[in-house]
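# Residue-level structure breakdown
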Amino acid sequence: MQLQFNGKRLLTLFPRLKPVLLRKDVGLIPFSLASECGWKSSLAFFESNDCPQEQLAEDCYDRFVTLVSLGSYGGRLANALRIFRFFMTRGKQFDVVNFYHDAVKDLFYALVYKLFNPRGKVWFKLDMSHLELQYIAANRQRFLPGLARRLKYQLSRVAVDLYTTETSQVFRALADDYYYKGRLRQIRNGIVCPEETDIERLMNGKENIILTVGNLGAAAKNNELLIDAVALLDPTLVNGWQVYLVGPLVNADFYETGFRESDHFRKYVNTVIERHPHLAETFVFTGNISDRSRLDDIYGKARIFCLTSRYESFGFVLPEAMFSGAYVIASDLPPMRDLTDNGRLGALFPVGCAQKLAALLTEALSGRVDLETQGKAAHLFIMEKFNWRNIVREIDHLLS
């Protein structure tokens, strides 16, 4: 049911939009502000071969969010000119404009928006991982990077009203930084948590499945680590368990160069199986699953969820698995600490350490961890702390 309009209008600009992002912060913040708080939300993007506007409308998303096509994705200059023109002609229609990350080009877009709508507010959602924190720290005392950051800061003081970060560690690290001081807030990311979910039914449907979901083979995801860890397990322990590998098979440099289909990860798995023949029936490749109900069904069956990423700004698959009652084992990264309540609801291992991951899997598979109790507690924690229905009210208050 559409709420009564509260008089506030939001635009999220995300030029390289893909359908999967409608179920993440990019899509769910404008959707939830409209459906839960009565905003008029719009989402502006460029169309491309893998993101036609018709595909975005299939899931009834446009019932709550106005999809604004900026035309076909082109060269950098052509795209920039279209965005400038959009804010010059339509900027006054929006009370708040939401950008992602903190790129210089986005600061110039924000300046144009402010020029044509001086009363408007600009919100930059940083979506920052610990690697970006390390980069900032390493360059603070260097002359040229420091000078460039000072110049960028002067632009941001005019263009940006609010910065938000998702994790506690990033917020603490940046709260007193001159660049963000006085304008930075922490707003968690979240997931959609259906209130009718029956956690008891979910727990009764669990199977001996270790699950991981993502872009399989991307260097950032380090999926090879899970394969290596399973190979280290006692064969009698892993007998009767399966490892579900859900997602497209992609090139290692996927996040730097974009998608190219690649079977290098499958070949890696086959090589491990050749050395460990008892694992021949253990690994299950499902391919990419775009059907949400089918993906939720796999989440519901998994007893254990494993995330081996080298870095993440959030990692939406982890709270989705926790909400479904899975026991999570993940790389020790800032968002994973927040999501597991510093390891209380799951287990964390040093990034890239197959031996420690194998040890944690051994504890879970051998019965030394009460997977059901942990799964139920994780479900309740996500429902309370990482539920968009609750988080969006904080955003509404902050933007008002």
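Everything below is about the structure shown above.
An account of the accompanying structure is given in this report. (Residues numbered from 1 in each chain as written. Predicted model: local features only at pLDDT ≥ 70, side-chain atom pairs only at ≥ 80, totals over all residues. Heavy atoms only, no water.)

Taken as a whole, the second largest pocket encloses approximately 870 Å³ of empty space. In terms of lining, the second largest pocket is formed by 31 residues, of which the most central are R23, I191, V192, C193 and P194. Put simply, the parts of the chain that give the lining of the second largest pocket at least two residues each are α1 (25-37), α8 (199-204), α13 (292-301), α14 (317-323) and α18 (388-399). Sorting elements by how many residues they give to the lining of the second largest pocket places α1 first, with five residues. Looking at the lining of the second largest pocket residue by residue, the classes come out as 14 nonpolar, six polar and 11 charged. (1 Å grid on protein atoms, 1.4 Å probe; cavity = no way out; pocket = protein on both sides within 12 Å on 5 of 7 lines; lining within 4 Å. Points joined across faces, edges and corners; volume = space filled by probe spheres on them. Helix = DSSP H or I, 4+ residues; strand = E, 2+ residues; numbered from the N terminus. Nonpolar A, V, L, I, M, F, W, Y, C, P; charged D, E, K, R; others polar.)

Attention shifts here to the sheet that holds strand β9 (residues 242-246). In space, the six strands of this open sheet follow the order β10-β9-β8-β11-β12-β13, with parallel pairing throughout. Each edge of the open sheet carries a strand with a single partner, namely β10 (283-287) and β13 (347-349). Strand-to-strand, the axes of this sheet are offset by a mean angle of 20°, without reference to chain direction. Here four bridges tie strand β11 (residues 302-307) to strand β12 (residues 327-331), and the two strands are oriented parallel to one another. By the bridge assignment for β12, F305 is matched with V328. (Pairing = 2+ DSSP bridges. Axes fitted to C-alpha atoms, helices over the stretch in contact; angles between N-to-C directions.)

We now examine the environment of V112. Inspection of the secondary structure puts V112 in helix α4 (residues 104-116). Counting along the chain gives 126 residues from V112 to V238, while the straight-line C-alpha distance between them is 58 Å.

Burial analysis of β9 places four of its five residues in the buried class, which makes it a mostly covered element. The sheet contact formed by strand β8 (residues 207-213) and β9 spans five bridges and is parallel. Bridged to I210 within β9 is V243. Two strands pair when backbone bridges link them, and β9 and β10 are joined in this way by four bridges, in the parallel orientation. For V246, the partnering residue across the bridge sits in β10 and is G287. (Buried < 20%, exposed > 50% of the residue type's maximum accessible area, 1.4 Å probe, protein only.)

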